[in-house]
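Geometric and topological summary
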Amino acid sequence: MTAPDVRHALGSTLADADILTEIEDLIPYGFDGTATLKERPLAVVFPRSTKQVSAVVKWAREARVPVVSRGNGTGLSGGSVPVAGGLVLCLNHLDRIVELDRANLTIRAQAGVVTQDIFAAADAAGLFYPPDPGSMKISTIGGNVAENSGGLRGLKYGVTRDYVLGMEVVLADGSICRLGTACVKDVAGYSLRDLFIGSEGTLGIVTEVLLKLLPRPTARRTLLATFAAMDEAAATVSAIIAAGIVPCTLEFLDRRTIQCVEDFAHVGLPTDAEAVLLIEADGHPAAVDDEVAHIEKLCREHAATTVRVAADAAEATRLATARRSAFSALARLRPTTILEDVTVPRSELAAMIRDVEAIALKHDVQIATFGHFGDGNLHPTILTDERDTAEMHRVEAAITAIVEAALARGGTITGEHGVGLAKKPFLRRQLGDASYSLLQLVKRSFDPDGLLNPGKIFDLPA
Ligand SMILES: Cc1cc2nc3c(=O)[nH]c(=O)nc-3n(C[C@H](O)[C@H](O)[C@H](O)COP(=O)(O)OP(=O)(O)OC[C@H]3O[C@@H](n4cnc5c(N)ncnc54)[C@H](O)[C@@H]3O)c2cc1C
């Protein structure tokens, strides 16, 4: 099969402009946000309707051509890299918010809608869509569902899964299927909807989602606390949780990240601090004031060197910038930035950060760590240069050591970025043989020919 064959075969299904086959056009669709993984697809197609998705998938099945779904390629585990060639099916022209239903507090959107646009549409109606991946200005809601993305408000509000009521999907044979319902309660049979959330494009293609919304919290306050010892920051987090307070955001930056962010965003962070916690409370104004006062007291009791409560929304945004710009700030240091993603039980956080520091020293690589402390979800970020082969060997060893340390501490190999290609070598070890085989059986029953995003999450036995 050649690219011209694809154009010829799909020419009656898609407009000419919605099929890319020239090499220079294909290159950007061969990688995602994962620094070191790339492959070239045979062609890229941009369907504009579910029917077109279905027609493309039917053709691909007959022609035995792999199909890799793609939102906006911000994934951080290599999920949309077309390792087996074939078609990249890019959903970002399905970009319509279909309906916002105030009576039922739901929003229906096509898969290619950018996450921020969902948040903004809800906000404009006085409602709230809580999941907020750091990439929300560019990632698509279909990609968020496929990865079960988390975000900065995960501690209080959970992740994408907690907001998906239903969805429309195109299955491997091209049939169109609706999963879930608009009902708040629905326990009819196995939850196929839940199976699809986090399935990374390996079971079918999400074309539309129905999301739950919440009433918008009426108040929000932000607080930034700095610590001379990382253990004190971790102890503060435990104390906040133990006090029964659930902030909506509880984020962490280590010393190296603080320095980079300050150089980049000039937020006024103390660059000699060992750790910074960014904490946000939201809800009813009186409750929020109460929570912030309590959190401030706990920070001081745990030796915070400074505690700054934002006086107004503008200052809150400035403080939040400290966390939101972490990745961009670090990315300026070395040519290649590898954003790792492991989660440990919260009680293991301080020890896990010490593990990461020891691993960086042992393997002689630069690692900065930030993340969602409240969720136990850390992003050790490796600052490297993919052109330096010797260094990349050390980086690989460091990544393996980080993942093994997380598992040894009762953690998981990925808290939100998914398995994709990057975490594939570690999955069986986390799940054990029986669960791993069950996942493969599920994949086989949805996609017997193995044509949907092949090579991701696990390989299938021949
Ligand atoms: C700076 C930065 C910050 C980030 N912060 C976060 C964060 O805070 N939390 C977090 O969880 N992630 C984060 N990410 C990772 C990434 O943004 C998410 O994984 C996001 O959900 C990917 O969306 P996308 O539209 O770009 O999907 P893509 O990268 O295009 O695809 C991701 C996966 O989903 C599949 N897929 C995409 N669309 C569909 C569809 N319609 N149907 C079926 N499968 C599909 C693809 O095949 C692939 O396996 C961040 C990434 C960057 C670059």
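Up top is the structure these notes are about.
Presented here is an overview of the structure given in this document. Predicted model, so just to flag it, every value in this text is computed and none were measured.

With that settled, consider the packing of helix α14 (residues 389–408) against helix α15 (residues 424–431). At their nearest, the axes of α14 and α15 sit 11 Å apart, and the two run at 15° to each other. Between α14 and α15, the interaxial angle falls into the category roughly parallel. You can see that α14 and α15 cross each other, and the crossing is right-handed. Here α14 contributes Thr400, Val403, Glu404 and Leu407 to the contact with α15, which in turn contributes Phe426, Arg429 and Gln430.

Quick look at the packing of helix α8 (residues 230–242) against helix α10 (residues 285–301) now. For the pair α8 and α10, the least separation of the axes is 9 Å and the interaxial angle reads 145°. When the axes of α8 and α10 are compared, the crossing they make is right-handed. Across from Thr236, Ala239 and Ile240 in α8, the residues of α10 making contact are Ile295, Leu298 and Cys299.

Under the criterion given, the structure shown has 7 aromatic pairs. When the ring of Tyr29 is compared with that of Phe46, the centres are 5.7 Å apart and the planes differ by 80°; the resulting orientation is edge-to-face. Remark: Phe46 occurs in the loop between β2 (43–45) and α3 (50–63) and Tyr29 occurs in the loop between α2 (23–26) and β2; sequence separation between them is 17 residues. The exposure classification of Tyr29 matches that of Phe46, with both residues buried. Residues Phe119 and Phe128 carry aromatic rings whose centres are separated by 6.4 Å and whose planes lie at 80° to one another, so their mutual orientation is edge-to-face. Taking relative accessible area as the criterion, Phe119 reaches 18% and is therefore assigned buried. With relative accessibility at 2%, the residue Phe128 sits in the buried group. Here the aromatic cluster, defined as three or more aromatic residues joined through ring pairs, consists of Phe119, Phe128 and Tyr157. Stacked on the ring of Tyr163, the Lys or Arg Lys212 has its end atom at 5.5 Å from the ring centre.

Let us now look at a nonpolar patch on the surface. Taken together, the side chains of Ile23, Ile27 and Phe31 present a nonpolar region at the surface, about 260 Å² in accessible area. The residue Phe31 is located in the loop between α2 and β2 in this model.

The subject of this paragraph is the sheet that holds strand β8 (residues 164–170). Sheet architecture is open: 5 strands sit in the order β5-β6-β10-β8-β9, paired in antiparallel fashion. Looking along the sheet, the strands with just one partner apiece sit at the ends: β5 (97–101) and β9 (176–180). For this sheet the average axis-to-axis angle between neighbouring strands, irrespective of direction, equals 10°. Where β8 and β9 come together, 5 bridges link them in antiparallel fashion. Bridge pairing in β9 links Glu168 to Arg178. Each of β8, β9 and β10 (205–212) is contacted by α3, which is oriented at about 50° to β8, the strand it contacts most. Relative to β5, helix α4 (residues 115–124) is tilted by about 35°, and along the sheet it contacts β5, β6 (106–110) and β10.

Now for the nonpolar core. Within the largest apolar cluster, 57 residues are counted, with the highest numbers of intra-cluster contacts made by Leu223, Phe252, Leu277, Ile279, Cys299, Met352 and Phe373. The dominant element in this core, judged by the number of residues it contributes, is α14, at 10 residues. Counting residues in each nonpolar core, the second largest holds 29 residues, with Ala125, Val164, Met167 and Leu179 among its members.

Turning our eyes to something else, we now look at the site of the ligand. Every one of the 33 residues lining the ligand counts as a neighbour, but Ser69, Thr74, Ser135, Thr140 and Ser149 are closest to it. The contact in question runs from an oxygen atom of the ligand to an N or O atom on the backbone of Glu200, over 3.2 Å. The contact in question runs from a nitrogen atom of the ligand to an N or O atom on the backbone of Val206, over 2.9 Å. Only β3 (67–70), α5 (141–147) and β10 provide two or more residues apiece to the shell around the ligand. No other element matches α5, which puts 5 residues into the shell around the ligand. Taken together, the residues of the shell around the ligand sort by class into 8 nonpolar, 21 polar and 4 charged.

Another point: the side chain of Thr34. Among the structural elements, Thr34 can be located in the loop between α2 and β2. What makes Thr34 buried here is its relative accessible area of 11%. Looking at Thr34, its side chain comes within polar contact range of the side chain of Asp32, at 2.5 Å.

The next thing to look at is the pairing of strand β13 (residues 249–254). A regular strand carries its side chains on alternate faces of the sheet. Within β13, 6 of the 6 residues are buried, leaving the element largely enclosed by the surrounding structure. Here β13 shows a buried face lined by Thr249, Glu251 and Leu253 and a second buried face lined by Leu250, Phe252 and Asp254. Sheet topology places β13 next to strand β14 (residues 275–283); 6 bridges connect them, and they run antiparallel. Looking across to β14, one finds that Phe252 is bridged to Leu277. Bridge analysis of β13 against strand β18 (residues 366–372) gives 2 bridges, and the strand direction is antiparallel. In the strand pairing of β18, Phe252 is matched with Gly371.

Rules used throughout
Residues numbered from 1 in each chain as written. Predicted model: local features only at pLDDT ≥ 70, side-chain atom pairs only at ≥ 80, totals over all residues. Heavy atoms only, no water. Axes fitted to C-alpha atoms, helices over the stretch in contact; angles between N-to-C directions. Helix = DSSP H or I, 4+ residues; strand = E, 2+ residues; numbered from the N terminus. Parallel < 35°, antiparallel > 145°, perpendicular 65-115°, else oblique. Left-handed = near helix turned anticlockwise from the far one by under 90°. Contact = heavy atoms within 4.5 Å. Phe/Tyr/Trp six-rings, centres within 6.5 Å; stacked < 30°, edge-to-face > 60°. Buried < 20%, exposed > 50% of the residue type's maximum accessible area, 1.4 Å probe, protein only. Lys NZ or Arg CZ within 6 Å of the ring centre and 35° of its normal. Patch = residues over 30% accessible without salt bridge, like charges linked within 9 Å, V, L, I, M, F, W, Y side chains within 5 Å. Areas by Shrake-Rupley, 256 points an atom, 1.4 Å probe, with all protein chains shown as cover. Salt bridge = Lys/Arg side-chain N within 4 Å of Asp/Glu carboxyl O. Pairing = 2+ DSSP bridges. Core = buried A, V, L, I, M, F, W, Y, C linked by side-chain atoms within 4.5 Å. Near = heavy atom within 4 Å. Polar contact = N/O pair within 3.5 Å; in protein donor to acceptor, adjacent residues only side chain to side chain. Nonpolar A, V, L, I, M, F, W, Y, C, P; charged D, E, K, R; others polar.

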